[in-house]
Amino acid sequence: MSKDGTQRSSSTFHFFAGLATGCVSATLLQPADLLKTRVQQSRSTSLVTTLRQILAGPNSLKQLWRGTLPSVIRTGVGSALYFSSLNALRQHVATSNLLTSTGKVQASVGTSQFSSSSLPRLSNMANMTTGAIARASAGFFMMPITVIKVRYESSLYSYKSIWSAGNAILKKEGIRGFFSGFGATAIRDAPYAGLYVLFYEQSKRRLSQVREVTPLAEISNFEGGMKSSTSLSINFLSGVLAAGFATAVTNPFDAVKTRLQLMPGRYSNMIIAGRRMVKEEGFRSLFDGLGLRMGRKALSSALAWTLYEELIRRAEMEVQHKGGATVI
C-alpha cells in the first residue's frame, strides 16, 4: 500500500475508533450530563433537589436520558474528529525533524517494553499543545449540536425534537444562536484537553515505571510487552486522575458556557456572564456542577481513552502478527 493510502487507512481507523468510544460513553453517562445542566442553569436548585424533581415526575428514568441522541451525536462525532485530528497532529509532531532537532519533542515513537501506551511519546509541551488544538477544532465543528444538546437537557425549553430545537434557535437567534458560548467553550475545552493529555501521559509513564519493578514473567503478554489487563488498568486510572485535575481547573468556563447557551439574552458575553454570576450568586456559582462534571468527565474520559488505546493496541498487534510494519 502507498504512503498516502496507509495514512488514509490510519486516519479512518482512528476516526471510527473515536466514534465508537464516544457513543458508548455518551450513552452510559447521559444522566450525569443532564443533571449537571439542570444544576448549572440556576443556583436555586441542588443536585439532590433536581434529582428528586425528575424522579417524582412521569417517565422518570426516561427523563434522565433526555437529550441522549444529540449527546451521542455530539460526543460520538466530536470524539471521532478529536481522536483522528489528535493522532494526525501527534504523528506529525513526533516525526518532525524541526521539532526533534530543537529538543521540544522526544524522538521516540511507539511504545517501550513496559509502556501501557500505544501512542507517540511527546514532550509535555507537545502533549498539551496538540491536545488543545485538536479539541478546539472539533469543538468548533460540533458547536451547533452542543447548543441544541444543552437546551434540550434544560428544563427552560420544551423542545419536542432535535429538529424543532434547531428550527426554534434558527428563527429566534439566527446562525449565531448555534454558536452561543463558543468563546467560553473554547477557553474551557482547549485548556482542558491540553491539560488532560499532559496529565494522562505523565500518569501513564509514572505508573508504567512502577510496574517495571514487577518480575517480567508476571506482566508479559507477548514478546515481552505489557500484559493487556495491566495496560487497561494503568490507562483507566490515568484517565480518571487526568480528568479530575483538568476538570477542576476549567469548571468556571463550563459554568459560564452553560449560562450563555441557556440564557443568551441575559448573558450577552462571557465576561458579563462571569461578572453577573459572581455578583449575584457568589464565587461558588462558577463551580456549580463541579462534582457531577468531575465524576462524569473522569468516567467518560477514562472509558473513552482506555477503549481507544485498547483498539489501537489490538490493531497494532494484528499488524505485527501479520508481519506488517504499518503504524496505526
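Residues numbered from 1 in each chain as written. Predicted model: local features only at pLDDT ≥ 70, side-chain atom pairs only at ≥ 80, totals over all residues. Heavy atoms only, no water.

An unreviewed UniProt entry lists the protein under the name Mitochondrial glycine transporter, with Letharia lupina as the source organism. The annotation that UniProt attaches to the protein under Catalytic activity (unreviewed entry) is "glycine(in) = glycine(out)". In UniProt, the protein has this text filed under Sequence similarities (unreviewed entry): "Belongs to the mitochondrial carrier (TC 2.A.29) family. SLC25A38 subfamily." (UniProt positions renumbered as here; feature names shortened; annotations may be inferred.)

(A) Up close: the overall build of the protein. Helix and strand counts for the protein come out as 14 helices and zero strands. Along the chain direction, N to C, the helices and strands of the protein fall in the order α-α-α-α-α-α-α-α-α-α-α-α-α-α. The buried share of the protein, taken over its 328 residues, is 49%. Look at the contacts in the protein between residues 6 or more apart in sequence, and 77% of them connect residues 24 or more apart. On the protein, roughly 15,700 Å² of surface is accessible, and the fraction owed to carbon and sulfur atoms is 63%. (Helix = DSSP H or I, 4+ residues; strand = E, 2+ residues; numbered from the N terminus. Buried < 20%, exposed > 50% of the residue type's maximum accessible area, 1.4 Å probe, protein only. Contact = heavy atoms within 4.5 Å. Areas by Shrake-Rupley, 256 points an atom, 1.4 Å probe, with all protein chains shown as cover.)

(B) Representation of the packing of helix H5 (residues 68-94) against helix H7 (residues 124-141) in the model. Look at H5 against H7: their axes get within 9 Å of each other, and the N-to-C directions meet at 145°. In this structure, the crossing between H5 and H7 has a hand that is right-handed. Facing Gly-78, Leu-81, Tyr-82, Ser-85, Leu-86, Leu-89, Arg-90 and Val-93 of H5, the residues of H7 in contact are Ala-126, Asn-127, Thr-130, Gly-131, Ile-133, Ala-134, Arg-135, Ala-138 and Phe-141. For the contact of H5 with H7, the class distribution of residues is ten nonpolar, five polar and two charged. (Axes fitted to C-alpha atoms, helices over the stretch in contact; angles between N-to-C directions. Left-handed = near helix turned anticlockwise from the far one by under 90°. Nonpolar A, V, L, I, M, F, W, Y, C, P; charged D, E, K, R; others polar.)

(C) Broad picture of the packing of aromatic side chains. For the structure shown, the criterion picks out 15 aromatic pairs. Ring geometry for Phe-15 against Phe-16: centres 5.5 Å apart, planes inclined by 80°, an arrangement best described as edge-to-face. The partly exposed category is assigned to Phe-15, whose relative accessible area is 28%. Centroid distance Trp-305 to Tyr-308: 6.1 Å. Interplanar angle 80°. Geometry classified as edge-to-face. (Phe/Tyr/Trp six-rings, centres within 6.5 Å; stacked < 30°, edge-to-face > 60°.)

(D) Region of the structure containing the pattern of salt bridges. The full count for this structure, using the stated rule, is 15 salt bridges. Salt-bridge contacts for Asp-254 lead to Lys-36; the nearest nitrogen and oxygen are separated by 3.2 Å. One end of the pair, Asp-254, is in helix H12 (residues 228-262); the other, Lys-36, is in helix H2 (residues 30-40), with 218 residues separating them in the sequence. What makes Asp-254 buried here is its relative accessible area of 0%. Of the charged contacts in the structure, one is a salt bridge between Arg-188 and Asp-189, with a shortest N-O distance of 2.6 Å. Taken as a pair, Arg-188 and Asp-189 share a single burial class, namely buried. The network of salt bridges with shared partners includes Lys-36, Arg-188, Asp-189, Asp-254, Lys-257 and Arg-293. (Salt bridge = Lys/Arg side-chain N within 4 Å of Asp/Glu carboxyl O.)

(E) Layout of the confidence of the model for the protein. Summing up the model confidence of the protein, the mean pLDDT is 79 and the portion of residues at 70 or higher is 81%. Contacts for the low-pLDDT stretch residues 107-114, under 50 throughout, to residues beyond four places or in other chains number 21 contacts. Low pLDDT (under 50) marks residues 215-224, which in the prediction has 20 contacts with non-local residues, meaning those over four places away or in another chain. (pLDDT = per-residue confidence, 0-100.)

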